[in-house]
Amino acid sequence: MIKQDIEKTYIIIPAYNEASVITTVVNTVMKHFNNVIIVDDASTDKTAHLALEAGAIVLHHEINLGQGAALQTGFDYVTQKTSDCYIVTFDADDQHRIDDAIELLTILKQTNADIVLGSRFTGQAINIPSSRRILLKLCSYYTQRILKIQLTDCHNGLRVMTGKTASKLCLQQNGMAHASEIIDKISRLNLKYAEAPVVINYTEYSKSKGQSFWNGFFIVRNLLLQRIIN
Amino acid sequence: MIIQLSLSLGLLGILGYVILQRDKVKVIFMPQLAVISVGIFLIWFPNVSTFIAKKVGVGRGADLITYCWIVASILLIVNLQIKLKKLEAHITKLTRAIALVQPKNGHHGNNFATKKD
């Protein structure tokens, strides 16, 4: 990657109680990128302090809102300053690889896409629980058949987008439904998208932080309520 | 008779509260007044509800009232959910505004090196 691309790439990492891994994550990302933004979603441990020590910019939510809200805060922080940039969304639980983020960024530039999403199903999903696999496959089925968006992995936290795209998303879903909302916005805004293989490593730690199978019903409920409100 | 009196007194109590609050919730004051009035009427003239029930294909007046109550409750719950969602949106906006006003910078090697006031 050329220096100018690195300078204008911002890594947004929403975090909630990730004190045990956040230093590793920030250090790993900062080997390749300077602009690392941790959105601390009212953690009760030392996540914010450790992220700051590791050299990240930290935005702090006084109340725990959810990953979607944290991402939107990160988007707002960056796009208030500039939209001529690239934004990477990256998980704080050490599931993602920074090499995959670099690859997604390269694809974004080569294809001139608005957004590139990672897929663990065209890449690798190491130790993925079977219930998670089923839930994600159901979500992909809905995305492909109903939204007509051809994605194999609709809830992957690793994405790369242009700053202009981030400024258009305006996420309203605070919780995990934001991932479905992003795909809905890709469809509604007719964004140019691409998908690329990534590796997701399910450690015991990351599995304990992940969604439960039944959370899928709450995601659907939240999306329906948002449609009624809108 | 005792049940009719108790229910009527209960509804009259609610009516009094609704009248006291009418300036705060003007939009729903008249619908609330209508529902309570109909309720009191049907308590004292139950045959009317049975008559209406038969006309609409429901067996008993009590069943009709129960079905109406279920529908009204579902609408109320959905309405409350929507209000809660809107409240959540306001809280999110406030929380985000506070976060954006006070970013903390771990080092000065990035493009957004801003110092905390």
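Preceding this section is the structure that the text describes.
Reading the values: rules and limits
- Residues numbered from 1 in each chain as written.
- Chains lettered and ligands numbered in written order.
- Predicted model: local features only at pLDDT ≥ 70, side-chain atom pairs only at ≥ 80, totals over all residues.
- Heavy atoms only, no water.
- Helix = DSSP H or I, 4+ residues; strand = E, 2+ residues; numbered from the N terminus.
- Rg over C-alpha atoms; globule rule 2.2 N^0.38 Å.
- Buried < 20%, exposed > 50% of the residue type's maximum accessible area, 1.4 Å probe, protein only.
- Contact = heavy atoms within 4.5 Å.
- Areas by Shrake-Rupley, 256 points an atom, 1.4 Å probe, with all protein chains shown as cover.
- Lys, Arg positive; Asp, Glu negative; His and termini not counted.
- Charge placed at Lys NZ, Arg CZ, Asp CG, Glu CD.
- Axes fitted to C-alpha atoms, helices over the stretch in contact; angles between N-to-C directions.
- Parallel < 35°, antiparallel > 145°, perpendicular 65-115°, else oblique.
- Left-handed = near helix turned anticlockwise from the far one by under 90°.
- Salt bridge = Lys/Arg side-chain N within 4 Å of Asp/Glu carboxyl O.
- Expected span 1.5 Å × (residues − 1).
- Disulfide = S-S within 2.5 Å.

How should the overall build of chain A be read in this particular structure?
Each helix and strand counted, chain A has 10 helices and 7 strands in total. Against the globule reference of 17 Å for 230 residues, chain A gives a C-alpha radius of gyration of 16 Å, in line with a compact fold. In terms of overall dimensions, chain A has a C-alpha envelope of 45 × 40 × 35 Å along the principal axes. Across the 230 residues in chain A, those meeting the buried criterion constitute 54%. Here the analysis covers contacts within chain A between residues at least 6 apart in sequence; of these, 74% occur between residues at least 24 apart.

What exactly am I supposed to notice about the overall build of chain B here?
For chain B, the helix and strand inventory stands at 4 helices and 1 strand. In chain B, the succession of helices and strands from N to C terminus is α-α-α-α-β. Expected size for 117 residues packed as a compact globule is a radius of gyration near 13 Å; at 26 Å, chain B overshoots this value by more than 25%. By residue count, 21% of the 117 residues in chain B fall in the buried class. For chain B, long-range pairs separated by at least 24 residues make up 29% of all intrachain contacts whose partners lie at least 6 apart in sequence. Here chain B displays about 8800 Å² of accessible surface, and carbon together with sulfur accounts for 71% of that area. Of the side-chain charges in chain B, 14 are positive and 4 negative, and the distance between the mean point of each set is 2 Å.

Is there a simple way to think about the packing of helix α4 (residues 67-79) of chain A against helix α4 (residues 61-101) of chain B in this case?
Two quantities define a packed helix pair, namely the angle between the axes and the distance from one axis to the other. Across the interface, α4 of chain A lies against α4 of chain B with an axial gap of 10 Å and an inter-helix angle of 45 degrees. It follows that α4 of chain A is oblique to α4 of chain B by the angle criterion. Note on packing geometry: the crossing formed by α4 of chain A with α4 of chain B is right-handed. Within the contact between the two elements, α4 of chain A uses Ala69, Gln72, Thr73, Asp76 and Tyr77 of chain A and α4 of chain B uses Thr92, Arg96, Ala99 and Leu100 of chain B.

Help me out: how do you make sense of the pattern of salt bridges in this one?
Side-chain pairs of opposite charge can arise where the charged atoms are in close proximity. As enumerated under the stated definition, the model contains 8 salt bridges over all chains in all. Close ionic contact of Arg120 of chain A with Asp153 of chain A constitutes a salt bridge, the shortest N to O distance being 2.6 Å. Within this pair, whereas Arg120 of chain A is found in strand β5 (residues 115-126), its partner Asp153 of chain A is found in the loop between α6 (130-145) and β6 (159-162), the two being separated by 33 residues in sequence. Overall, Asp153 of chain A belongs to the buried group, its relative accessible area being 1%. The partner of Asp63 of chain B in a salt bridge is Arg60 of chain B, and the shortest N-O contact between them spans 3.1 Å. Note on Arg60 of chain B: relative accessible area 52%, which makes it exposed.

Could you clarify how one ought to interpret helix α5 (residues 98-111) of chain A in this entry?
Along an α-helix, a turn takes 3.6 residues, which lines up residues three or four apart on a common side. All names here are of chain A. Compared with the 20 Å implied by 1.5 Å per residue over 14 residues, the 20 Å span of α5 between its first and last C-alpha is a close match. Turning to α5, its buried residues number three or more, namely Ile98, Asp100, Ala101, Ile102, Leu104, Leu105, Ile107 and Leu108. On the buried face of α5, the contacting elements are β1 (9-15), α2 (22-30), β4 (86-89), β5, β6 and β7 (193-201).

So what exactly am I meant to see when it comes to unusual backbone geometry here?
Leave glycine aside and you will find that most residues have negative phi; peptide bonds, for their part, are mostly trans. Residues and elements named next belong to chain A. Located in the positive-phi region is Ala42, a residue other than glycine, with phi close to 60 degrees. Mapped onto the elements of the fold, Ala42 is located in the loop between β2 (35-40) and α3 (47-53). For Ala42, a relative accessible area of 14% translates into the label buried. Its identity as a non-glycine residue notwithstanding, Cys170 has a phi of 45 degrees, on the positive side. By the element assignment, Cys170 lies in the loop between α7 (163-169) and α8 (178-188).

Explain the state of the cysteines to me, please; I cannot follow it from the model alone.
Here, the word disulfide means a covalent bond between the sulfur atoms of two cysteines. Residues and elements named next belong to chain A. Taken as a whole and assessed by the stated rule, the structure comprises 1 disulfide over all chains. Residue pairing for Cys139: its cysteine sulfur links by disulfide to Cys154, the two sulfurs lying 2.3 Å apart. In this pair, Cys139 sits in helix α6 while Cys154 sits in the loop between α6 and β6, placing the two residues 15 residues apart along the sequence. In this structure Cys154 comes out as buried when scored by relative accessible area, which is 3%. Counting only cysteine sulfurs, Cys170 is the nearest neighbor of Cys85, a cysteine outside any disulfide, at a range of 15 Å.

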